[in-house]
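An overview of the molecular structure
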Amino acid sequence: GSPRIAHVGIAVESLAAILPFFRDVLGMPDVPMSDSDGARIAAVQSGESLIEFLEPATPDTPIGKYLAKRGAGIHHICVAVPDIEQTLETCRSAGIQMIDQTPRLGAEGKRIAFLHPKSTGGILVELTEQ
Ligand code: ZN
């Protein structure tokens, strides 16, 4: 099939303020996540995808700086690919700039890599393995 959206990452001021709406009002089950890149992360399941809420641990983290500059909202989308090494190689060949040259471990415990928004129309794109 086509690469699915693994998750959408949304920068928020407060996990406690947003989680009850998605979990209790919309009925999306919550999924335990580990903290990553100076962000506290909570997630809810939406079909085959997650919505990840990213709350900065401190203002000087990447999410903290993002929130200060742009406010709450969609921070990145994560696309699941069958072979992350191969997709990174394809991106490299296509001249796409990368934030992560090689995969590293993400909040879901899977290998991830971020592409540079300069190369992707201003949208921060994360790749992960299926
Ligand atoms: Zn992500």
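Preceding this section is the structure that the text describes.
Cut-offs and rules
Residues numbered from 1 in each chain as written. Predicted model: local features only at pLDDT ≥ 70, side-chain atom pairs only at ≥ 80, totals over all residues. Heavy atoms only, no water. Pairing = 2+ DSSP bridges. Helix = DSSP H or I, 4+ residues; strand = E, 2+ residues; numbered from the N terminus. Patch = residues over 30% accessible without salt bridge, like charges linked within 9 Å, V, L, I, M, F, W, Y side chains within 5 Å. Areas by Shrake-Rupley, 256 points an atom, 1.4 Å probe, with all protein chains shown as cover. Salt bridge = Lys/Arg side-chain N within 4 Å of Asp/Glu carboxyl O. Buried < 20%, exposed > 50% of the residue type's maximum accessible area, 1.4 Å probe, protein only.

Both strand β2 (residues 30–31) and strand β3 (residues 39–46) contribute to a ladder of two bridges, which runs antiparallel. Across the sheet, residue Val-31 finds its bridge partner in β3, namely Ala-43. Judged from the eight bridges that link them, β3 and strand β4 (residues 49–56) form a sheet pairing that is antiparallel. Note that in β4 the partner of Arg-40 across the bridge is Glu-55. Between β3 and β4, which pair antiparallel one after the other, the connecting turn spans two residues, and Gly-47 there sits at a positive phi close to 60°.

A few words on a nonpolar patch on the surface. A cluster of nonpolar side chains, contributed by Phe-21, Val-25 and Leu-26, occupies part of the molecular surface with about 290 Å² of accessible area. Tracing the backbone through its elements, the reader meets Val-25 in helix α1 (residues 15–25). Take Val-25: its relative accessible area is 61%, and that puts it in the exposed class.

All right, on to the sheet that holds strand β7 (residues 111–115) then. The strand order β2-β3-β4-β1-β5-β8-β7-β6 describes an open sheet built from eight strands, whose pairing is mixed. The sheet terminates laterally at β2 and β6 (104–105), the two strands that pair on one side only. Inspection of the sheet shows strand β1 (residues 5–11) paired to strand β5 (residues 73–81) by six bridges, in the antiparallel sense. Pairing of Gly-9 across the sheet is with His-76, part of β5.

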